[in-house]
Amino acid sequence: MQIIRSIKKIQSLTRQLASDGKRIGLVPTMGFLHDGHLSLIKRALKDCDIVITTIFVNPTQFSQGEDLSKYPRDEKGDIQKIKSAGGTIVFIPKVSDIYPDDFDSSVEVLSLTQTLEGESRPTHFDGVTTIVAKLFNMTRPDIVVFGLKDYQQAMVLKKMSTDLNYPIKFIIAPTVREKDGLAMSSRNKYFNEAERQEALCLSYALKTAKQMVKADIKDCKLIQKEMKAVIKATCKTAKIDYIAFTDFNSLAPTKVVVKNTICSLAVRLHNVRLIDNLKLM
Ligand code: PAF
């Protein structure tokens, strides 16, 4: 496995690999990898000769008040994990190379970023689309894999890629969960055992929503009310940012669960903000 830190090197290497006819897969990450990330690498390996995993804690996607300096990091551990998952290249650029002092550009997706995460974290998606466009330009992948847990992010990036004519196939891989249902996230490491139990409020609420739909209750207001009750019963101090019901592709809100409705939620508990989602039909 190759570890590359220079933008020039990754550009010349990927150009060479492409001209040798190799199919390149990309898995962008901010490091502190868990099994969810490794499942993305394994998914990319199914379709590609080369899988590039990027590790870059992107400062521009942290909104004001979100503590970038506290974001968990473990470069050595990450490199080991990528190697054991079968990754072929790790690209770890420096912040000063990605954003030199005179950096003055931004890539923006207009509509899909106005709801859900975009409402709670106004500048977040501009940071995400800008860094991912830059990573696309540096690595020129044939395929990119993102996780369904960050579902809105995946849809925003897919739109950016289509609108800007990147010839890249998007794969959205399923959310990987702990045995008890907690969606894997680098942020779970902030919890002690008792807090972690309370973090299950998100997956419990989503399970409740799914059960209600199975029982033919499709009114989103009714479902939302039950979900709020489940969250409060599991974690008294939880603060719900949003519980939203939208169309999977357009992100348009819906009042009734129909085919392709996805429920997304964001909850703050014990100073950590978690997101999760589940397709209800
Ligand atoms: O999902 C993430 O870890 C980040 O938002 C991404 C896509 C790597 C961009 O920094």
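Treat the numbers as computed from the prediction; the structure is a model and nothing was measured.

S.K.: A description of the overall build of the protein should follow, citing residues and the corresponding values.
M.R.: Scanning the protein from terminus to terminus reveals ten helices and nine strands. Taken over the C-alpha trace, the protein has a radius of gyration of 19 Å; the compact-globule value for 281 residues is 19 Å, and the two agree within 12%. By residue count, 51% of the 281 residues in the protein fall in the buried class. Long-range pairs, those at least 24 residues apart, make up 72% of the contacts in the protein with a sequence separation of at least 6. Summed over all atoms, the accessible surface of the protein reaches about 14,000 Å², with 51% contributed by carbon and sulfur.

S.K.: Tell me what's going on with the site of the ligand, and back it up with residues and numbers.
M.R.: As a matter of local geometry, the ligand sits amid Pro28, Thr29, Met30, Asn58, Gln61, Ile131, Phe146 and Gln153. Measuring from an oxygen atom of the ligand, one finds a side-chain N or O atom of Gln61 at 2.6 Å. Note that an oxygen atom of the ligand is positioned 2.7 Å from one of the side-chain N or O atoms of Gln153. Protein coverage of the free-state accessible area of the ligand, which is 290 Å², stands at 89%. In terms of residue class, the shell around the ligand is made up of four nonpolar, four polar and no charged.

S.K.: Account for the sheet that holds strand E7 (residues 239–247), with residues named and values stated.
M.R.: Here three strands make up an open sheet; going across it, the order is E7-E8-E9 and the pairing antiparallel. The sheet is open, and its two borders are formed by E7 and strand E9 (272–279), each paired with just one other strand. Shown here is a sheet whose adjacent strand axes are inclined to one another by a mean of 15°, direction ignored. Two strands pair when backbone bridges link them, and strand E8 (residues 261–269) and E9 are joined in this way by eight bridges, in the antiparallel orientation. Bridged to Arg268 within E9 is Arg273. Here helix H9 (residues 201–214) sits on the sheet and contacts E8 and E9; the angle it forms with E9, its principal contact strand, is near 20°.

S.K.: So, the sheet that holds strand E2 (residues 24–29): which residues are in play, and what are the values?
M.R.: Read from one edge of the open sheet, six strands run E1-E4-E3-E2-E5-E6, paired in parallel fashion. Bordering the open sheet on either side are strand E1 (2–4) and strand E6 (169–173), each of which pairs with just one other strand. Going from strand to strand, the sheet's axes swing by 25° on average, the running direction of each strand aside. For strand E3 (residues 50–55) and strand E4 (residues 89–91), the ladder comprises three bridges, and the chain directions are parallel. Looking across to E4, one finds that Thr53 is bridged to Val90. The strands that helix H7 (residues 151–163) touches are strand E5 (143–147) and E6; relative to E6, the one it contacts most, it runs at about 175°.

S.K.: Residue-level account of the side chain of His124, with values.
M.R.: The topology assignment puts His124 in helix H6 (residues 124–139). Residues in contact with His124, not counting those within four places in the same chain, are Gln61 and Ser63.

S.K.: Which residues make up the packing of aromatic side chains, and what are the values?
M.R.: Under the criterion given, the structure shown has seven aromatic pairs. Aromatic ring contacts, followed pair by pair, group Phe136, Phe146, Tyr166 and Phe170 into a single cluster. In this structure, Lys279 packs its charged tip against the face of Phe248, placed 5.0 Å from the ring centre.

S.K.: With reference to specific residues and values, describe the environment of Lys149.
M.R.: Of note, Lys149 is situated in the loop between E5 and H7. Given the relative accessible area of 14%, Lys149 is considered buried. Between the alpha carbons of Lys149 and Met184 there is a distance of 8.6 Å; along the sequence they are 35 residues apart. Every residue in contact with Lys149, bar those within four places of it in the chain, is listed here: Thr175, Ala183, Met184, Ser185, Ile275 and Asn277.

S.K.: Which residues make up the packing of helix H1 (residues 7–19) against H6, and what values go with them?
M.R.: With their axes 7 Å apart at the nearest point, H1 and H6 run at an angle of 55° to one another. Looking at the two axes, H1 sits oblique to H6. Here H1 contributes Ile7, Ile10, Gln11 and Thr14 to the contact with H6, which in turn contributes Asn137, Met138 and Thr139. Broken down by class, the residue content of the contact of H1 with H6 amounts to three nonpolar, four polar and no charged.

Rules behind the numbers
- Residues numbered from 1 in each chain as written.
- Predicted model: local features only at pLDDT ≥ 70, side-chain atom pairs only at ≥ 80, totals over all residues.
- Heavy atoms only, no water.
- Helix = DSSP H or I, 4+ residues; strand = E, 2+ residues; numbered from the N terminus.
- Rg over C-alpha atoms; globule rule 2.2 N^0.38 Å.
- Buried < 20%, exposed > 50% of the residue type's maximum accessible area, 1.4 Å probe, protein only.
- Contact = heavy atoms within 4.5 Å.
- Areas by Shrake-Rupley, 256 points an atom, 1.4 Å probe, with all protein chains shown as cover.
- Near = heavy atom within 4 Å.
- Polar contact = N/O pair within 3.5 Å; in protein donor to acceptor, adjacent residues only side chain to side chain.
- Nonpolar A, V, L, I, M, F, W, Y, C, P; charged D, E, K, R; others polar.
- Pairing = 2+ DSSP bridges.
- Axes fitted to C-alpha atoms, helices over the stretch in contact; angles between N-to-C directions.
- Phe/Tyr/Trp six-rings, centres within 6.5 Å; stacked < 30°, edge-to-face > 60°.
- Lys NZ or Arg CZ within 6 Å of the ring centre and 35° of its normal.
- Parallel < 35°, antiparallel > 145°, perpendicular 65-115°, else oblique.

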